[in-house]
Amino acid sequence: MPEEKREFVCISCPRGCEITTVLDGKSIVSVSGNICKLGVKYVEDEVTDPRRIVTSTVRVRGGVTPLAPVWTEQSIPKGMILRLADGLRKVEMTAPVKCGDVVLENIFGTGINVVASGEVDVK
Ligand code: SF4
């Protein structure tokens, strides 16, 4: 398999290093542009199993605000993000919403929950 050059922006810290990687399939041949070892780990994860914490909002019935902020308790595979966004559009919670309330449990069998990341009081 021919070697392939790929560019990444490390999101492990706010510095956002631009990392150039040479890949042979899913094997990493070289990594450059990273300031620290976390950049290498970031590239390894991106190549083998890219994941993201997802933040979003869901509708709230009877609350002082119409939406509650939510997030995944852990990062989920990137391939699941659109499906999750679709599912969250159909969710409606009832006020009051407390931080940590489970919004969706065990999403796609990952064992990861979506939980409220803020509070919404009753109107
Ligand atoms: S390589 Fe290190 S310094 Fe650069 S963005 Fe990633 S974590 Fe931050």
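Residues numbered from 1 in each chain as written. Predicted model: local features only at pLDDT ≥ 70, side-chain atom pairs only at ≥ 80, totals over all residues. Heavy atoms only, no water.

A. Representation of the overall build of the protein within the structure. In terms of regular secondary structure, the protein is built from two helices and 10 strands. Listed N to C, the secondary structure of the protein is β-β-β-α-β-β-β-β-α-β-β-β in terms of helices and strands. At 19 Å, the protein has a C-alpha radius of gyration far larger than the 14 Å of a compact globule built from 123 residues. Here the contacts in the protein between residues at least 6 apart in sequence split such that 44% fall between residues at least 24 apart. Surface exposure of the protein reaches about 7700 Å², of which carbon and sulfur atoms provide 53%. The protein carries 16 positive and 16 negative side-chain charges, and their two centres are separated by 4 Å. (Helix = DSSP H or I, 4+ residues; strand = E, 2+ residues; numbered from the N terminus. Rg over C-alpha atoms; globule rule 2.2 N^0.38 Å. Contact = heavy atoms within 4.5 Å. Areas by Shrake-Rupley, 256 points an atom, 1.4 Å probe, with all protein chains shown as cover. Lys, Arg positive; Asp, Glu negative; His and termini not counted. Charge placed at Lys NZ, Arg CZ, Asp CG, Glu CD.)

B. The arrangement of the sheet that holds strand β1 (residues 4–9) in detail. Taken in spatial order, the three strands line up as β1-β2-β3 in an open sheet, and their pairing is antiparallel. The sheet is open, and its two edges are formed by β1 and β3 (27–32), each paired on a single side. This sheet shows a mean twist of 30° between the axes of neighbouring strands, independent of strand direction. Across the sheet, helix α1 (residues 37–48) is in contact with β1, β2 (18–24) and β3; its angle to β1 comes to roughly 115°. (Pairing = 2+ DSSP bridges. Axes fitted to C-alpha atoms, helices over the stretch in contact; angles between N-to-C directions.)

C. Layout of the pattern of salt bridges. Across all of its chains, the model carries six salt bridges by this definition. The shortest N-O distance in the salt bridge between R89 and D86 comes to 3.0 Å. A residue pair is termed a helical-turn pair when its members lie 3 or 4 positions apart in one helix, as R89 and D86 do in helix α2 (residues 81–89) at three residues. According to the relative accessible area criterion, D86 is partly exposed, its value standing at 33%. The structure contains a network of salt bridges with shared partners spanning D86, R89 and K90. (Salt bridge = Lys/Arg side-chain N within 4 Å of Asp/Glu carboxyl O. Buried < 20%, exposed > 50% of the residue type's maximum accessible area, 1.4 Å probe, protein only.)

D. Molecular detail of the sheet that holds strand β6 (residues 67–72). Spatial strand order, β8-β5-β6-β10-β9: five strands in an open sheet with mixed pairing. Strands with a single pairing partner mark the edges of an open sheet, and in this sheet they are β8 (92–94) and β9 (102–104). When strand polarity is set aside, the average angle formed by the axes of neighbouring strands in this sheet is 45°. Strand direction decides the pairing type here: strand β5 (residues 55–61) and β8, joined by three bridges, are parallel. Of the residues in β8, the one forming a bridge with R59 is E92.

E. Just the layout of surface pockets, in detail. Reported here for the largest pocket is a volume of approximately 180 Å³. In terms of lining, the largest pocket is formed by I11, S12, K41, Y42, D45, E46, D49, P50, R51, R52, I53 and S75. Elements with a minimum of two residues in the lining of the largest pocket: α1 and β4 (51–52). It is α1 that contributes the most residues to the lining of the largest pocket, four residues altogether. Split into classes, the residues belonging to the lining of the largest pocket amount to four nonpolar, two polar and six charged. (1 Å grid on protein atoms, 1.4 Å probe; cavity = no way out; pocket = protein on both sides within 12 Å on 5 of 7 lines; lining within 4 Å. Points joined across faces, edges and corners; volume = space filled by probe spheres on them. Nonpolar A, V, L, I, M, F, W, Y, C, P; charged D, E, K, R; others polar.)

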